[in-house]
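Working through the structure, step by step
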Amino acid sequence: MTATIDRVTTRERATSPPARLSMTSGSAPGLLDGAWWPHSRDLFRELPALVGVLDARWGRITRVTVNPTHWPVIPRKVPAAGHTVHVGWFAEEQDPHKMILLSYTAGRWDLLVIPPETGAAAAARLMAAAATPGSLLTASRLMADEYAIREVGEDRGRESEWDSEGGSAPPPLRNRLGLLTSAREA
């Protein structure tokens with residue numbers, strides 16, 4: 001996937017939807033500080049709500065970096081919470097499911113970015129896992145685990161459907177003499 005860098009920062013901004021965010025609630029260091037579940041893949045529209053929430057908690061967010069794999073357009077600057085946030089990207093160096101936020105006063109935070117099309121149940125699991133204090137799971141590992149859970153559920157659903165449609169018949173039974181009989185005769 002290719003990313004487009006948007007050099008225009010003065011376009012009209014639609015109202016940002018409220019940020020869906022979960023953060024760690026402990027001092028045990030981990031690889032992630034929480035998770036963010038944006039409503040779309042439009043950083044220009046989504047970042048202001050996130051920055052607005054985080055500025056109040058951590059101090060002014062000045063820079064954000066993303067991996068362009070999941071962001072079709074990456075604006076260089078985004079007006080948010082009364083100031084400008086500079087946006088950068090790293091294709092090879094940064095986990096595609098992670099966003100890094102920087103603040104001059106409070107440091108750095110790493111957030112799992114949950115794809116907008118993720119269902120509510122899966123997003124809740126991911127948000128809880130990313131907000132676990134001291135967790136050593138990367139953003140991509142959490143997403144891979146969630147995809148595996150989804151695939152197991154889909155496989156079970158297909159097996160159930162197969163069985164309900166007469167897909168697998170029970171093996172034939174043998175009577176005491178070793179002759180094949182139907183299940184009804186046994």
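Above this text sits the structure in question.
Computed from a prediction, not measured in an experiment: that's the story for all the values here. (Residues numbered from 1 in each chain as written. Predicted model: local features only at pLDDT ≥ 70, side-chain atom pairs only at ≥ 80, totals over all residues. Heavy atoms only, no water.)

1. Section: unusual backbone geometry
In plain terms, the rule: Under the DSSP-based scheme used, a helix requires at least four consecutive residues in state H or I and a strand at least two consecutive residues in state E, with every element numbered from the N terminus.
Located in the positive-phi region is A81, a residue other than glycine, with phi close to 50 degrees. Its place among the elements puts A81 in the loop between β6 (77–80) and β7 (83–89).

2. Focus on the pattern of salt bridges
This is how the line gets drawn: By definition here, a salt bridge exists when the distance from a side-chain nitrogen of Lys or Arg to a carboxyl oxygen of Asp or Glu is within 4 Å. The buried label applies to any residue whose accessible area, calculated with a 1.4 Å probe on protein chains only, is under 20% of its type's maximum; exposed applies above 50%, and partly exposed to all values in between.
Counting across every chain of the model gives 5 salt bridges. Measuring nitrogen to oxygen at the nearest pair gives 2.8 Å for the salt bridge that ties R108 to D110. On the accessibility criterion, R108 (47% relative accessible area) is partly exposed. In this structure D110 comes out as buried when scored by relative accessible area, which is 8%. A salt bridge links E146 to R125; the shortest N-O distance between them is 2.5 Å. Remark: R125 occurs in helix α2 (residues 120–130) and E146 occurs in helix α3 (residues 139–164); sequence separation between them is 21 residues.

3. Focus on the side chain of H83
The criterion, for reference: Each polar contact in these results corresponds to two N or O atoms within 3.5 Å; when the atoms are within protein, one needs to be able to donate a hydrogen and the other to accept it, and residues that are neighboring in sequence are counted only if both atoms are side-chain atoms. The contact criterion used is simple: two residues touch if any of their non-hydrogen atoms lie within 4.5 Å.
Along the polypeptide, H83 turns up in strand β7. Here the side chain of H83 touches A81 through a polar contact of 3.2 Å, landing on its backbone oxygen. With residues up to four places along the chain from it excluded, the contact list for H83 reads V51, D55, R60, I61 and V78.

4. Brief notes about the packing of aromatic side chains
Definition in use: Put simply, two rings from Phe, Tyr or Trp (the six-membered ring, in Trp's case) pair if the centres are within 6.5 Å, and we call them stacked under 30 degrees between planes, edge-to-face over 60, tilted for the rest. Criterion for a charge above a ring: Lys NZ or Arg CZ within 6 Å of the ring centre, and within 35 degrees of the ring normal.
Counted by the stated rule, this structure contains 2 aromatic pairs. The interplanar angle of 15 degrees and the centroid separation of 6.2 Å between the aromatic rings of W36 and W71 together place this pair among those described as stacked. With W36 in strand β3 (residues 34–36) and W71 in the loop between β4 (61–66) and β5 (73–75), this residue pair connects regions lying 35 residues apart in the sequence. Here W71 falls in the buried class, since its relative accessible area comes to 3%. Seen from their ring centres, W58 and W109 are 3.7 Å apart, and the 10 degrees between their planes marks the pair as stacked. Of this pair, W58 sits in helix α1 (residues 43–58) while W109 sits in strand β9 (residues 107–113); the two residues are 51 residues apart in sequence, bridging distant segments of the chain. A relative accessible area of 15% means that W58 is categorised as buried. One Lys or Arg, R20, reaches over the ring of W37 and ends 3.6 Å from the middle of that ring.

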